[in-house]
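Listed below, chain by chain, are the residues.
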Amino acid sequence: HSGLWSRYSWFESMRASQLQDRVSMAITIRPLLPADLPRLSPLFGAYLDFYGVPQEAQRRTIFLAQRLGADDSTCLGAFAGEELAGFALCHHTHNSLRLAPAWILHDLFVSPAHRRHGVAESLLAAVHARAAAAGACEVVLSTAQDNTAAQALYTKQGYREDATFRVYACDLRP
């Protein structure tokens, strides 16, 4: 029994340590500003790399600068101290069937060093609060078929896979 007890004790100490790490990481969520571009662009680059679509730094920085300065987008950053730990980029649209504004959470990414610390959950909560305050009736998103970690998170946060509509895309650029 002593072997079982030592494994249990080790498990409990690891669990307590992980919980402490999660609690000790103070996350601040705020809208990202043009001054944040030097921190956002490399993290956005890591996001693009994750999905296998790398882009040159200048191109992604221009894209992000346009989004940060637009009224049709909201980009939130999650900060662990001064470090940008993750971001959520939303586009504002409308749901014609509900005759109401809606938000599309197009991009959500947390740096590998900050995963499993509640950063994604904090970003989602902030997106939901801001979208609701703006009068949105829903936040919609999509993720890769094989991104099971994100799928589990979204399901846990109340998202449901759409059983009514099938999503299609038509690529207009070669």
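Because the structure is a prediction, the values reported are computed rather than measured.

## Overview of the overall build of the chain
Item 1. Of the regular secondary structure elements, the chain holds 5 helices and 5 strands.
Item 2. Traced from its N-terminal end to its C-terminal end, the chain shows the element sequence α-β-α-α-β-β-β-α-β-α.
Item 3. Looking at the chain residue by residue over its 174 residues, the buried ones come to 34%.
Item 4. In the chain, the proportion of contacts linking residues at least 24 apart, taken out of those at least 6 apart, comes to 60%.
Item 5. When the accessible area of the chain is evaluated, it comes to approximately 11700 Å², of which 57% is carbon and sulfur surface.

## Considering the sheet that holds strand β5 (residues 139-141)
Strand pairing in a sheet relies on backbone hydrogen bonds. The paired strands run either parallel or antiparallel.
Item 1. Read across the open sheet, the 5 strands follow the order β1-β2-β3-β4-β5; overall the sheet is mixed. Looking at which strands have only one partner, the edges of the open sheet turn out to be β1 (27-31) and β5. Pairs of neighbouring strands in the sheet enclose a mean axial angle of 30 degrees, with direction left out of account.
Item 2. Two strands pair when backbone bridges link them, and strand β4 (residues 100-110) and β5 are joined in this way by 3 bridges, in the parallel orientation. Directly across from Trp-103, in β5, lies its bridge partner Val-139.
Item 3. Across the face of the sheet, helix α2 (residues 37-50) comes into contact with β1, β2 (73-80), β3 (83-95) and β4 while running at roughly 75 degrees to β3.

## Topic: unusual backbone geometry
Item 1. Backbone geometry at Leu-99 places phi at a positive 50 degrees, although glycine is not the residue there.
Item 2. As for its placement among the helices and strands, Leu-99 is situated in the loop between β3 and β4.
Item 3. Positive phi outside glycine occurs at Arg-116, with the angle close to 70 degrees.
Item 4. Position of Arg-116 among the secondary structure elements: in the loop between β4 and α4 (119-133).
Item 5. We classify Arg-116 as exposed; its relative accessible area is 75%.

## Points about the packing of aromatic side chains
A ring pair, where both rings are aromatic, is described by two values, the distance of the centres and the angle of the planes.
Item 1. Using the criterion set out here, one finds 10 aromatic pairs in the structure.
Item 2. Ring geometry for Tyr-47 versus Phe-109: centroids 5.9 Å apart, planes at 70 degrees, classification edge-to-face. With Tyr-47 in helix α2 and Phe-109 in strand β4, the pair connects residues that are 62 residues apart, well separated along the chain. Per residue, the accessibility class of Tyr-47 equals that of Phe-109, and both read buried.
Item 3. Seen in terms of ring centroids, Phe-50 and Tyr-51 are 5.0 Å apart; in terms of plane orientation they differ by 90 degrees. Their pairing is edge-to-face.
Item 4. Across the ring face of Phe-63, the terminal group of Arg-67 is positioned such that the distance to the ring centre comes to 5.6 Å.

Rules of the game
- Residues numbered from 1 in each chain as written.
- Predicted model: local features only at pLDDT ≥ 70, side-chain atom pairs only at ≥ 80, totals over all residues.
- Heavy atoms only, no water.
- Helix = DSSP H or I, 4+ residues; strand = E, 2+ residues; numbered from the N terminus.
- Buried < 20%, exposed > 50% of the residue type's maximum accessible area, 1.4 Å probe, protein only.
- Contact = heavy atoms within 4.5 Å.
- Areas by Shrake-Rupley, 256 points an atom, 1.4 Å probe, with all protein chains shown as cover.
- Pairing = 2+ DSSP bridges.
- Axes fitted to C-alpha atoms, helices over the stretch in contact; angles between N-to-C directions.
- Phe/Tyr/Trp six-rings, centres within 6.5 Å; stacked < 30°, edge-to-face > 60°.
- Lys NZ or Arg CZ within 6 Å of the ring centre and 35° of its normal.

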